[in-house]
Amino acid sequence: MPIDPTLEYDDQNIFAKILRKEIPCRQVFEDEWALAFHDINPQAPEHVLAIPKGAYVSWDDFSTTATDAEIAGFVRAVGYVAREMGLVETGYRLLANIGIDSHQEVPHLHVHIFGGKPLGPMLVR
Ligand code: 5GP
């Protein structure tokens, strides 16, 4: 079910539990600002999710309320992870779903990193 992005942050969401290490993930990166791990249901040969450490529902929430240090740390982490995945030369796609029309399912901001093959058109028409 897509989530309503205007909701308060729910600290029982699945990515909050992954951040607290209450449930496992296939981690690829962690620093002060971000955690990155393989998507449980990959939609490309390479499909990693990057999430900020802070409690932000969506890109809208993050971009309006996170500190400059959190934003810089997270954006740099996403770029670093894609680089470490070896995706810069071939290219890759970043995607963040925000709210109902996008079908965001998990109410903790996440950026999808897709790569490993030609990814086709941007959106299903
Ligand atoms: P959204 O539709 O919210 O942008 O994407 C949510 C993503 O989270 C989906 O691609 C889904 O496969 C992934 N996901 C959902 N639950 C889990 C989980 O428990 N572990 C991992 N690694 N990924 C998950």
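Provided above is the structure to which this section pertains.
Bear in mind that the values here come from a model prediction, so they are computed numbers and not experimental data.

Participant: Sorry if this is basic, but what is going on with the overall build of the protein here?
Facilitator: Along the backbone of the protein there are three helices and five strands. Computed over its C-alpha atoms, the radius of gyration of the protein comes to 14 Å, within 12% of the 14 Å expected for a compact globule of 125 residues. Counting only C-alpha atoms, the protein reaches 40 × 35 × 30 Å along its principal axes. Relative to its 125 residues, the protein shows a buried fraction of 38%. Restricting the contact set of the protein to residue pairs at least 6 apart, pairs at least 24 apart contribute 57%. Of the roughly 7700 Å² of accessible surface on the protein, 55% is carried by carbon and sulfur atoms. Separation between the mean location of the 10 positive side-chain charges and that of the 18 negative ones in the protein comes to 8 Å.

Participant: Hey, could you run me through the site of the ligand in this one?
Facilitator: Taken together, 16 residues lie around the ligand, and Asp 39, Asn 97, Glu 105, His 110 and His 112 are the ones closest in. Between the ligand and Val 106, the relevant distance is 3.1 Å, taken from an oxygen atom to a main-chain nitrogen or oxygen of the residue. Against a free-state accessible area of 520 Å², the protein chains account for coverage of 85% of the ligand. Elements with a minimum of two residues in the shell around the ligand: α1 (14-19) and β2 (34-38). The leading source of residues in the shell around the ligand is α1, at three residues.

Participant: Looking at this model, I keep getting lost on the pairing of β2. Mind explaining?
Facilitator: Regular strands place their side chains on alternate faces of the sheet. With four of five residues buried, β2 is to be regarded as a mostly interior element. Two strands pair when backbone bridges link them, and strand β1 (residues 27-30) and β2 are joined in this way by three bridges, in the antiparallel orientation. Bridging across to β2, Phe 29 finds its partner in Ala 36. Linking two consecutive strands that pair antiparallel, namely β1 and β2, is a turn of three residues. With five bridges connecting them, β2 and strand β3 (residues 46-52) associate as antiparallel partners. Paired with Leu 35 across the two strands is Ile 51, which belongs to β3.

Scoring rules and cut-offs
- Residues numbered from 1 in each chain as written.
- Predicted model: local features only at pLDDT ≥ 70, side-chain atom pairs only at ≥ 80, totals over all residues.
- Heavy atoms only, no water.
- Helix = DSSP H or I, 4+ residues; strand = E, 2+ residues; numbered from the N terminus.
- Rg over C-alpha atoms; globule rule 2.2 N^0.38 Å.
- Buried < 20%, exposed > 50% of the residue type's maximum accessible area, 1.4 Å probe, protein only.
- Contact = heavy atoms within 4.5 Å.
- Areas by Shrake-Rupley, 256 points an atom, 1.4 Å probe, with all protein chains shown as cover.
- Lys, Arg positive; Asp, Glu negative; His and termini not counted.
- Charge placed at Lys NZ, Arg CZ, Asp CG, Glu CD.
- Near = heavy atom within 4 Å.
- Polar contact = N/O pair within 3.5 Å; in protein donor to acceptor, adjacent residues only side chain to side chain.
- Pairing = 2+ DSSP bridges.

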